[in-house]
There are 4 protein chains.
Amino acid sequence: MSFNTFGKIFRFTTWGESHGTAIGCVVDGCPPNIYLSEKDIQIDMDRRRPGKSKFTSQRKEADKVEILSGIFNGKTTGTPISMIIFNKDARSRDYETIKNKFRPGHADYTYLKKYGIRDYRGGGRQSARETAARVAAGAIAKTVLKKFLGKKFKIIGAVTQLGLLGCNKKNWNEKEIRKNPFFCPDKKSLKLWEKYILAIRKAGSSCGAVIELRASGIPIGLGAPIYSKLDADIASALMSINAVKGVNIGAGMNAAFLSGEENSDEIINLSGKTKFKSNNAGGILGGISSGQEIITSFAVKPTSSILNDRMTIDKKGNNTKISVKGRHDPCVGIRAVPIGEAMMACVILDHYLLNRAQCG
Amino acid sequence: MSFNTFGKIFRFTTWGESHGTAIGCVVDGCPPNIYLSEKDIQIDMDRRRPGKSKFTSQRKEADKVEILSGIFNGKTTGTPISMIIFNKDARSRDYETIKNKFRPGHADYTYLKKYGIRDYRGGGRQSARETAARVAAGAIAKTVLKKFLGKKFKIIGAVTQLGLLGCNKKNWNEKEIRKNPFFCPDKKSLKLWEKYILAIRKAGSSCGAVIELRASGIPIGLGAPIYSKLDADIASALMSINAVKGVNIGAGMNAAFLSGEENSDEIINLSGKTKFKSNNAGGILGGISSGQEIITSFAVKPTSSILNDRMTIDKKGNNTKISVKGRHDPCVGIRAVPIGEAMMACVILDHYLLNRAQCG
Amino acid sequence: MSFNTFGKIFRFTTWGESHGTAIGCVVDGCPPNIYLSEKDIQIDMDRRRPGKSKFTSQRKEADKVEILSGIFNGKTTGTPISMIIFNKDARSRDYETIKNKFRPGHADYTYLKKYGIRDYRGGGRQSARETAARVAAGAIAKTVLKKFLGKKFKIIGAVTQLGLLGCNKKNWNEKEIRKNPFFCPDKKSLKLWEKYILAIRKAGSSCGAVIELRASGIPIGLGAPIYSKLDADIASALMSINAVKGVNIGAGMNAAFLSGEENSDEIINLSGKTKFKSNNAGGILGGISSGQEIITSFAVKPTSSILNDRMTIDKKGNNTKISVKGRHDPCVGIRAVPIGEAMMACVILDHYLLNRAQCG
Amino acid sequence: MSFNTFGKIFRFTTWGESHGTAIGCVVDGCPPNIYLSEKDIQIDMDRRRPGKSKFTSQRKEADKVEILSGIFNGKTTGTPISMIIFNKDARSRDYETIKNKFRPGHADYTYLKKYGIRDYRGGGRQSARETAARVAAGAIAKTVLKKFLGKKFKIIGAVTQLGLLGCNKKNWNEKEIRKNPFFCPDKKSLKLWEKYILAIRKAGSSCGAVIELRASGIPIGLGAPIYSKLDADIASALMSINAVKGVNIGAGMNAAFLSGEENSDEIINLSGKTKFKSNNAGGILGGISSGQEIITSFAVKPTSSILNDRMTIDKKGNNTKISVKGRHDPCVGIRAVPIGEAMMACVILDHYLLNRAQCG
């Protein structure tokens, strides 16, 4: 039972508000004797942080991670790793105008009704700023998995749908993903996406996105039957990310339209190796990894903070209107890519350790 | 951490194999002093059990629940409620022919690789027979919620997509759902669905489905930020059901295609009551219930056990073919309706109790 | 979070009331591929069950365990092992006279105040009958540990203090423990103990006991710092047994009287092996096993059900008197020996698996 | 499952090493809308911190707590409260001489064997410095309990045995406890205790202690049957404190020597109020609070870091001797008083919230 903790054995707890002193993360259960430095973590932090391109929020945060514990002589010791990221560019005055109004699509209303109090500055705890802490935990998980699984291990995410614009997944190119500011896997889509997002920003509007995650080099046997299924844990992990409204494993929602023949992935022995002829299962059968690539995707709703006027009520219940200024991403889905990767890495490491526990 | 347990405070543990002596469920953390009888549970068991129509598996199981503990003078006592359902119509001989082959789309391969041993009879623990135990737990959760939330509380599920055939959700009719063997909410779709499923069965094939769940009468404030979000727990709950590959909350995957204006649900005061002009959020904002109807949907893949030959390998790794006879549902999605409802009820009750803990 | 579940990875959930249909236990997280039969479990059940000698309760329960799931071809499969023990000799009429009175020293009063309802028959859930289910779980843990740790592994408990009578621990003899009905390690104490307990029974009174547990063949490194210390988990495990009021690790309460020189166990290299010159630590340093014998002891209070009149109140709050007839142990501490062993075995296996998870 | 987290609903996670940058604590599940400031916490921090008298360690730590999150406008918001305490006076050079030797009675040996790496500076994570973080969590728990339970609520701890010297508990005086540096409840014992401890320090030795904790104003019904018994959780909480070797509830180990008549606390109605004639149960019956004062005690072993030479081995396994200089408490039990109170407060609040969840 844990409100702000994720994981079973490799567990992390995040804390902090958007406009507080700092945010942070405590990672517990990390295996000992793994080389780990702030640099290993900063790489992923930099992929998520705002203000890097004109397509994301202009909040300027270096998102510099400091490790406060759990490392000795450059290596993990098996004790909790505490990380802190100080908030530098919080402009709370931006939020004064809306402190008494509920932003539609945000958690303002539900937080206040639940707790009877809310830190409205930048969304407080409900802000996507919390995800920086997850990325830090995910970077540790990746470092451990690289050591355990070797070079074959890889998790890569990409935006495959930007609002109304898709891309051609057949052109999936990992180098391209790392290069462009959209995490778009298909170079040919870039120009159109750029025009599209700038038009949306100019219109004071926003758009949603679909992110696809692929994990390879994952051994057979991760996951557990019934309530700790690998896919159930992935679904929980991804749905816990702000603004996520749908999660697919493999064929996902599309599986409903397939016949049994189309859907079930045939198994073959190819030169002594077990292969599957397709991957509608997304690499998970009965909640357990099959050794195939694990494929999952999730939908991020459009940013709810938009310039255009929206109807809402104030704290007293009066009808009013709201227009959210601040510095917002026209598409929060873009920066969700490293967050999704991080959550995926944490789930996979957690099940790697769990499998080691039960099955040796 | 729990492989076969679901929930945080209202927790249930299921056990049992498809062709073992029995299956069962232990419910822990149930509030005391609630009237509860086997009848309350049997109603939902009967909605899930096989052999009721020609559209589902012909396995004849009465699925009669016996309560073994936790009830005194007809009421819950706050101690664990143990329930048992004996397996009556297990025909293990049906599985002898496939004991050395891996059925594509099933967990045969991953279970054996993970554990080094598998009970192949009827799929053993990986069988959807386990879901009978969940339905029993869900029936208890519903009974408790009815007492706590009153008559406004309701959870109702329906099949809204049967393979390639949709239905008109504008015709959503709850009485209709309870009457027809498809849990279809739209009477006009029935004839076509019936023909479709019989054709699929005749062809030895199978189809998938989409199930939609609607929960009303749910108070504001259930759910918790970050890693115990109500939607994250629903996603985990539904994805843990056999054959589920995708989960949507509200607009779900479709949210990616909406603009900020279209997606964020405007809030208004209507004669002193807070209302939302739409419900793309599915009744959950920032992981916390908003008082709107909670709407979620999930996709069930087509039954993997089909008559038509499929390529696979045997335990020794040799290429071979397989055709699965047994008594299978042409569409497992149909019987997933009461299972989805049960999981939803358990998640909601769990968060009701959690909210009571933290917020009084 | 779990009211009726114990453990982290190797977890068991017990259910059932003293005078209900049955009691039982679901073991989750058991490693696969371990030979396990009802016989392995029955041995320990028989050591705990009542009615075996004139020194314990005369309730006649065969305490026959049936395994309902989780075993295939004689071996564990990694899925939950459900066990059931039917209640045969429940005489609920014995309790009719006390259904409206609170027995002093029992949980009657607190259960009713907490839950607003109580199953008074035989103490319901609060009865020590629940411990039969623990012994079943412990027998499984022992079986797994024997496979993992080999023949060096052993857990043995003994009554070292029976009411006012101690015994000479220097005469500790394991064969003797298995032979006499007191689990007394010192043959020389037997005659006196026998007379003492018969006198107590005749007087309608009862006495307490101290039980000592010794576990050997335990590898270094089990346990975890801070809140999952091996000793903290042992303390919780033993204190959860009915009537236990104190727990010692190694020197225990006596450690307060020692000087630093007397207490800290010196370490020496003896022919290439690390040895400790003493064992005040009870085999646990900083919450982690040191490879020494793990030694713990716990005190069981005297049976609260005695024939002599005691002051109490009834459900309406009126002052009254009570004398508890039924069939009670003059010293519940005696039958606590196999229960303590069982809990110890579960904690050790749990930490063995946890250590495998984090440290490989 | 959590190595460095304590609690079920009110949960705290601690992190940090003795000689690292800082130590800290994240409290999750705290109820919202409670006034809380750093001052409320500092009071207890000051009671625990070293360097205050000549009877404790001379390490000079202000132990100044900073709250980094979870508070808005002076009140808790229901989100995690992160607290940090920077280490100021860490003298790691003191430990250079012992970095290759295992200190007897410490966890040096077990940590290294378990993790293959250890931060030897000041004991790293195994240092009692971690307990400062618990005290911070406990101060929050006390603040919440004061709000919920009112002025009747109180938790007070005292040293009742200092090495070989007891005190007269009949002279128990709370004001006295708060005044003297020994947390001794009996003014008459002070002079002797002072002489005794100075003699021990001078001799380069150390002594153990027994601490008694009393909690009053606790409502009936806290705790839960079987594996979440209030006393089982208290036992786990206290045994998790460094150097604790024994835990008693009420009569504790002494219960073994009592007869049923002596031990079971008779219940009476006194002018309409339920009273108990004695309190051997320590305020807990069947794992549930009875409304009586909760009384528990625990034994702390003598400080293992002593000046006198002790036999040990070095990392290579060679026999050697060790004398631990540094700045150590001659009796770590003294400073264990506020730590015990803190753990007790956390357990009680946790069960208060749990009870609210299940029983409303």
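Here the structure is a predicted model, which is why all the values come from computation and not from measurement.

## Considering the overall build of chain A
Right, so step 1: Helix and strand content of chain A: 9 helices and 18 strands.
Right, so step 2: Taking 2.2 N^0.38 as the reference for a compact globule, 360 residues should give roughly 21 Å; the C-alpha atoms of chain A span a radius of gyration of 21 Å, in line with that estimate.
Right, so step 3: Principal axes of the C-alpha set define a box for chain A whose edges measure 70 × 50 × 35 Å.
Right, so step 4: Per-residue burial for chain A yields a buried fraction of 70% across its 360 residues.
Right, so step 5: For chain A, restricting intrachain contacts to residue pairs at least 6 apart in sequence, the fraction spanning at least 24 positions comes to 70%.
Right, so step 6: Put simply, chain A shows about 11,600 Å² of open surface, and 50% of that area lies on carbon and sulfur atoms.
Right, so step 7: Looking at chain A, you have 57 positive and 32 negative side-chain charges, and the mean spots of the two groups are 3 Å apart.

## Details of the packing of helix 9 (residues 332-359) of chain A against helix 9 (residues 332-359) of chain C
Right, so step 1: Between helix 9 of chain A and helix 9 of chain C, whose axes approach to 7 Å, the crossing angle comes to 140°. Relative to helix 9 of chain C, the element helix 9 of chain A is oriented oblique. Taken as a pair, helix 9 of chain A and helix 9 of chain C cross one another with a handedness that is right-handed. Along its contact with helix 9 of chain A, which presents L353, R356, A357, Q358 and C359 of chain A, the element helix 9 of chain C presents L353, R356, A357, Q358 and C359 of chain C.
Right, so step 2: Tallied by class, the residues present in the contact of helix 9 of chain A with helix 9 of chain C amount to 6 nonpolar, 2 polar and 2 charged.

## Topic: the interface of chain A and chain B
Right, so step 1: Taken together, the contact pairs 103 residues of chain A with 103 residues of chain B.
Right, so step 2: Counting the surface lost from both chain A and chain B, the interface buries some 8,400 Å², and carbon and sulfur atoms represent 61% of this.
Right, so step 3: Its largest share of buried area at the contact with chain B, chain A owes to F3, Y227 and K245 of chain A, together 11% of the area lost on that side.
Right, so step 4: On the surface where chain A and chain B come into contact, there are 2 salt bridges.
Right, so step 5: We note a salt bridge from R310 of chain B to E266 of chain A, for which the minimum N-O separation is 3.6 Å.
Right, so step 6: Applying the counting rule to chain A against chain B returns 43 residue pairs in polar contact (both at pLDDT 80 or more).
Right, so step 7: Examining the composition of the side of chain A that touches chain B, we find that 6 residues originate from one element, helix 3 (residues 108-115) of chain A, more than from any other.
Right, so step 8: Each residue belonging to the side of chain A that touches chain B can be placed in one class, and the counts come to 47 nonpolar, 41 polar and 15 charged.
Right, so step 9: Here strand 11 (residues 244-249) of chain A pairs with strand 11 (residues 244-249) of chain B via 3 bridges, running antiparallel. Looking across to strand 11 of chain B, one finds that V247 of chain A is bridged to V247 of chain B.

## Regarding the pairing of strand 8 (residues 154-162) of chain C
Residue and element names in this part refer to chain C.
Right, so step 1: Most of strand 8 sits out of view: 8 of its 9 residues are buried.
Right, so step 2: Of the strand pairs in this sheet, strand 8 and strand 10 (residues 209-216) are connected by 8 bridges, and their pairing is antiparallel. Along strand 10, the bridge assignment pairs K154 with S216.
Right, so step 3: In this sheet, strand 9 (residues 165-166) lies alongside strand 8 in antiparallel orientation, the contact comprising 2 bridges. When the bridges of strand 9 are listed, Q161 appears paired with G166.

## A short note on the sheet that holds strand 7 (residues 81-86) of chain D
All names here are of chain D.
Right, so step 1: The antiparallel open sheet is built from 5 strands, whose spatial order is 1-2-3-7-4. At either end of the open sheet lies a strand with only one pairing partner, and these are strand 1 (5-6) and strand 4 (65-67).
Right, so step 2: Relative to strand 7, strand 3 (residues 22-28) runs antiparallel, the two sharing 6 bridges. For I23, the partnering residue across the bridge sits in strand 7 and is I85.
Right, so step 3: Lying over the sheet, helix 1 (residues 38-48) contacts strand 4 and strand 7, oriented at roughly 155° with respect to strand 4.
Right, so step 4: Docked against the sheet, helix 4 (residues 131-149) engages strand 2 (11-16), strand 3 and strand 7, running at close to 30° with respect to strand 3.

## Looking at the state of the cysteines
Right, so step 1: Applying the stated criterion to the full structure yields 0 disulfides over all chains.
Right, so step 2: Left without a disulfide partner, C359 of chain A is nearest to the cysteine sulfur of C30 of chain C, which lies 10 Å away.
Right, so step 3: For C359 of chain A, a relative accessible area of 23% corresponds to the partly exposed category.
Right, so step 4: Just so you know, C25 of chain D is unpaired, no disulfide at all, and the nearest cysteine sulfur is the one on C346 of chain D, 7.9 Å from it.

## Details of the relation of the copies chain A and chain B
Right, so step 1: The two copies are related by a screw operation: chain A maps onto chain B through 180° of rotation and 0.0 Å of translation along the axis, at an RMSD of 0.0 Å. The symmetry that links the two subunits is that of a two-fold axis.

## Examining the relation of the copies chain C and chain D
Right, so step 1: When chain C is fitted to chain D, the best match, at an RMSD of 0.0 Å, comes from turning it 180° and sliding it 0.0 Å along the axis.
Right, so step 2: The overlap is high: 100% of the interface residues of chain C also sit at the interface in chain D, so the same surface is used on both sides.

## Quick look at the side chain of S305 of chain C
Residue and element names in this part refer to chain C.
Right, so step 1: Relative to the helices and strands, S305 resides in the loop between strand 16 (294-300) and strand 17 (310-313).
Right, so step 2: With relative accessibility at 7%, the residue S305 sits in the buried group.
Right, so step 3: For S305, the side chain forms a polar contact with the side chain of H106, separated by 2.7 Å.

## Brief notes about the interface of chain C and chain D
Right, so step 1: Taken together, the 103 residues of chain C in the interface contact 103 residues of chain D.
Right, so step 2: Of the roughly 8,500 Å² buried where chain C meets chain D, counting both sides, 61% is carbon and sulfur surface.
Right, so step 3: Three residues, F3, Y227 and K245 of chain C, lead the burial of chain C against chain D; their summed loss comes to 11% of the area buried on that side.
Right, so step 4: Applying the counting rule to chain C against chain D returns 2 salt bridges.
Right, so step 5: Our count for the contact surface shared by chain C and chain D stands at 43 residue pairs in polar contact (both at pLDDT 80 or more).
Right, so step 6: Per-class residue counts for the side of chain C that touches chain D are 47 nonpolar, 41 polar and 15 charged.

## What about the environment of N319 of chain A?
Right, so step 1: One can find N319 of chain A in strand 18 (residues 319-322).
Right, so step 2: Here the alpha-carbon distance between N319 of chain A and K101 of chain A, two residues 218 residues apart in the chain, equals 9.6 Å.
Right, so step 3: Dropping the residues within four chain positions of it, N319 of chain A is found in contact with T312 and I313 of chain A together with I267, I268 and N269 of chain B.
Right, so step 4: Within the structure, the side chain of N319 of chain A is placed 2.7 Å from the backbone nitrogen of N269 of chain B, a separation counted as a polar contact.

## Examining the sheet that holds strand 2 (residues 11-16) of chain A
Residues and elements named next belong to chain A.
Right, so step 1: Pairing within the open sheet is antiparallel, and its 5 strands lie in the order 1-2-3-7-4. The open sheet has two edge strands, strand 1 (5-6) and strand 4 (66-67), and neither has a second partner.
Right, so step 2: By the bridge criterion, 2 bridges tie strand 1 to strand 2 in an arrangement that is antiparallel. Pairing of T5 across the sheet is with T13, part of strand 2.
Right, so step 3: Lying over the sheet, helix 4 (residues 131-149) contacts strand 2, strand 3 (22-28) and strand 7 (81-86), oriented at roughly 30° with respect to strand 3.

## Some words on the pairing of strand 18 (residues 319-322) of chain D
Residues and elements named next belong to chain D.
Right, so step 1: Bridging between strand 17 (residues 310-313) and strand 18 involves 4 bridges; their strand directions are antiparallel. The partner of R310 across the bridge, within strand 18, is I322.
Right, so step 2: From the end of strand 17 to the start of strand 18, which pair antiparallel, there are 5 residues, and G317 there has a positive phi angle of about 95°.

## With respect to the confidence of the model for chain A
Reading predicted coordinates in detail is not appropriate for stretches of low pLDDT.
Right, so step 1: In this model, chain A carries an average pLDDT of 94, and 98% of its residues clear a pLDDT of 70 or more.
Right, so step 2: Among the prediction metrics, the complex's ipTM stands at 0.96, with pTM recorded as 0.97.

What counts, and where the lines are drawn
- Residues numbered from 1 in each chain as written.
- Chains lettered and ligands numbered in written order.
- Predicted model: local features only at pLDDT ≥ 70, side-chain atom pairs only at ≥ 80, totals over all residues.
- Heavy atoms only, no water.
- Helix = DSSP H or I, 4+ residues; strand = E, 2+ residues; numbered from the N terminus.
- Rg over C-alpha atoms; globule rule 2.2 N^0.38 Å.
- Buried < 20%, exposed > 50% of the residue type's maximum accessible area, 1.4 Å probe, protein only.
- Contact = heavy atoms within 4.5 Å.
- Areas by Shrake-Rupley, 256 points an atom, 1.4 Å probe, with all protein chains shown as cover.
- Lys, Arg positive; Asp, Glu negative; His and termini not counted.
- Charge placed at Lys NZ, Arg CZ, Asp CG, Glu CD.
- Axes fitted to C-alpha atoms, helices over the stretch in contact; angles between N-to-C directions.
- Parallel < 35°, antiparallel > 145°, perpendicular 65-115°, else oblique.
- Left-handed = near helix turned anticlockwise from the far one by under 90°.
- Nonpolar A, V, L, I, M, F, W, Y, C, P; charged D, E, K, R; others polar.
- Buried area = accessible area lost by both parts, 1.4 Å probe.
- Salt bridge = Lys/Arg side-chain N within 4 Å of Asp/Glu carboxyl O.
- Polar contact = N/O pair within 3.5 Å; in protein donor to acceptor, adjacent residues only side chain to side chain.
- Pairing = 2+ DSSP bridges.
- Disulfide = S-S within 2.5 Å.
- Least-squares fit on C-alpha atoms with pLDDT ≥ 70 in both.
- pLDDT = per-residue confidence, 0-100.

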